[in-house]
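# Structural overview
Chain by chain, the residues:
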Amino acid sequence: MRLLATLNSPSAVVSAGILPEREYAAPDTPPRVTLTAGGRDFLLTADLSHKGACIAILPGPTGLDAPPVQATVTEYAGMDGGRLAKVRAASRRITLPLLLWAPTRPELLAMKRSFVAALVAGRGPCTLRVAEADGTARSIRVHYTGGMEGDEGTDAAGLAYIRYGLQLTAPDPYLYGDERTETFRVHGAPAFLSHPAGSWTALLSDTMDNPSAWTTAGTVLNDRRVTDGQYTRLAAGRTEATTAVPYDGTSLYRLTARVRRSGKAPADVPTSASVGLAGGSPGGAPLPDGARFITAARLPLTDADGWVEVTGYVRGWDREAAPAAGDEAHPVEAVPGNMPVGTVTVRPVIQADATPLDVDHLTLSRLDPTTTGEVHTTPFFPLRIAPSVIGDEGLPVQVTSDVDAWPVWRITGPLGQQDAGQPVVPLHLANRTTGQQLTLSYGIPAGRTVVIDTRPGIKAVYLENPDGTRGENLWPHLAGPASLWQLVPGENVISLTATGASEESAVTLTYQPRHLGA
């Protein structure tokens, strides 16, 4: 064995061209790469300046960007060229040049043996995760295929270091973003589902990529998972939009915002968010007690919540002399909030208590009624459950994914149940963007949950047992063409139509964005 003393110290290793881990504060810092295998997490971008054993990626990784594409061409008979029959993303191969280093030989052996055993002995899938400084992360499931057989040749190993060319294969070539989950429930009486027939007109739509549009400037950051790929991080405190829109108390207004606890928020400090409207007088001056947080009033946020979309409604004027500001939310149409007397303009307001707050988008819309006087129901994002019948018009859902994403639906009853002797009214779950629909003829009892898992390699529809295990197979209850449809990149207009809902009913949508590369 050749012992290279010049490579047996951290400083010498760094000077040899290895990229050390840096403080993850600036946008241009290197990513943090981890490999989870055998139930253990191995950091592959360790800081080589510390005193303990570590693993570092050397320059030259391959296979982490676009997946290989396989094109099938049928050649023409007697003619030049051929016809493209099919194009598909093939499984990908990833190579990671690694250095394992330790201050002593026993520490190197212990780390090397545990690393090799975790990757090779179980022969199961591992997870390679690449986390960027902006908080985004992408993961891919891989299998070890070679590269750790050992090489005692020149510069390949020493007393306290060893180099490997780790070879991994990913049968699924896509990298997955963090899981996104939204849960929707019934709130209030059945009347909240109805309003005068009409359409929503956006009066102000802000994708939070222009800090000058707010009285307190924030920091614009990039994240492909959010609207237009950008969001704004606001410091703790209150900020208002610089643009005011006219307010007519006879109309119904809807305010929607998407917020999350900032990744820069201290772990021991709770985050509370309020989003709403502030009223203005005819002269444009703010009204006393004019901050009426109608979308989210002191909404507690945790790191586990991720992005949370909140919607509230306002109509009319509050004739009380001193309305309480910021203490009440109005998330349903039938009981909207109202602005102080004298309000003729409104401006969106965002307030973060104690910690920074990330904001993806904020939209203020007005309902423009028709002259027919008819009443109809409109699903809320993207699903509205009513105690009678759910409307099926649908609302758009933005999916930040490079390719199709496959959702998992959890639908909790009661839904679809009728009186004894009456037939079950089918539940229709549709993606109106793609024209695909799933119909389930099954009455879901109160408190029980039906799981519709559309993910490739799983594809299941079943009644979940109370202990969370898989229960009755509900495939026989799928009516017509059974399409476990996907979410496409961009806008998806989704609708759910069912009967017999109550305040116990809930629908949860979970999916992971799929990306072409890290």
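The structure reproduced in this document is the subject of the present report. (Residues numbered from 1 in each chain as written. Predicted model: local features only at pLDDT ≥ 70, side-chain atom pairs only at ≥ 80, totals over all residues. Heavy atoms only, no water.)

Moving on, we come to the overall build of the protein chain. Across its full length, the protein chain holds 2 helices and 36 strands. Split into buried and exposed, the 518 residues of the protein chain put 47% on the buried side. For the protein chain, contacts bridging at least 24 residues in sequence account for 73% of all contacts bridging at least 6. Looking at the protein chain as shown, the accessible area adds up to about 23,800 Å², and 53% of this sits on carbon and sulfur atoms. (Helix = DSSP H or I, 4+ residues; strand = E, 2+ residues; numbered from the N terminus. Buried < 20%, exposed > 50% of the residue type's maximum accessible area, 1.4 Å probe, protein only. Contact = heavy atoms within 4.5 Å. Areas by Shrake-Rupley, 256 points an atom, 1.4 Å probe, with all protein chains shown as cover.)

This next bit is on unusual backbone geometry. Of note, the bond from G413 into P414 is cis; its omega dihedral lies within 30 degrees of zero at 10°. By the secondary structure assignment, P414 is in the loop between strand 27 (408–412) and strand 28 (427–431). The backbone of R298 shows a phi angle near 50°, a positive value even though the residue is not glycine. Here R298 shows up in strand 20 (residues 286–301). Of note in the backbone geometry, K459 takes a positive phi value of approximately 40° without being a glycine.

This brings us to the environment of S212. Within the element layout of this structure, S212 appears in the loop between strand 13 (198–206) and strand 14 (219–222). When the C-alpha atoms of S212 and T242 are compared, they prove to be 8.0 Å apart, with 30 residues separating the residues in sequence. In this structure the side chain of S212 is engaged in a polar contact, spanning 2.6 Å, whose partner is the side chain of N210. (Polar contact = N/O pair within 3.5 Å; in protein donor to acceptor, adjacent residues only side chain to side chain.)

In a structure, side chains of opposite charge can pair up when their charged atoms sit close to one another. This structure, assessed with the given rule, holds 9 salt bridges. The shortest N-O distance in the salt bridge between E240 and R347 comes to 2.5 Å. Taken together, the residues span a long stretch of sequence, with E240 in strand 16 (residues 237–240) and R347 in strand 23 (residues 345–353) at a distance of 107 residues. Overall, E240 belongs to the buried group, its relative accessible area being 14%. Three or more residues joined by partner-sharing salt bridges are found here, namely R233, R260 and D358. (Salt bridge = Lys/Arg side-chain N within 4 Å of Asp/Glu carboxyl O.)

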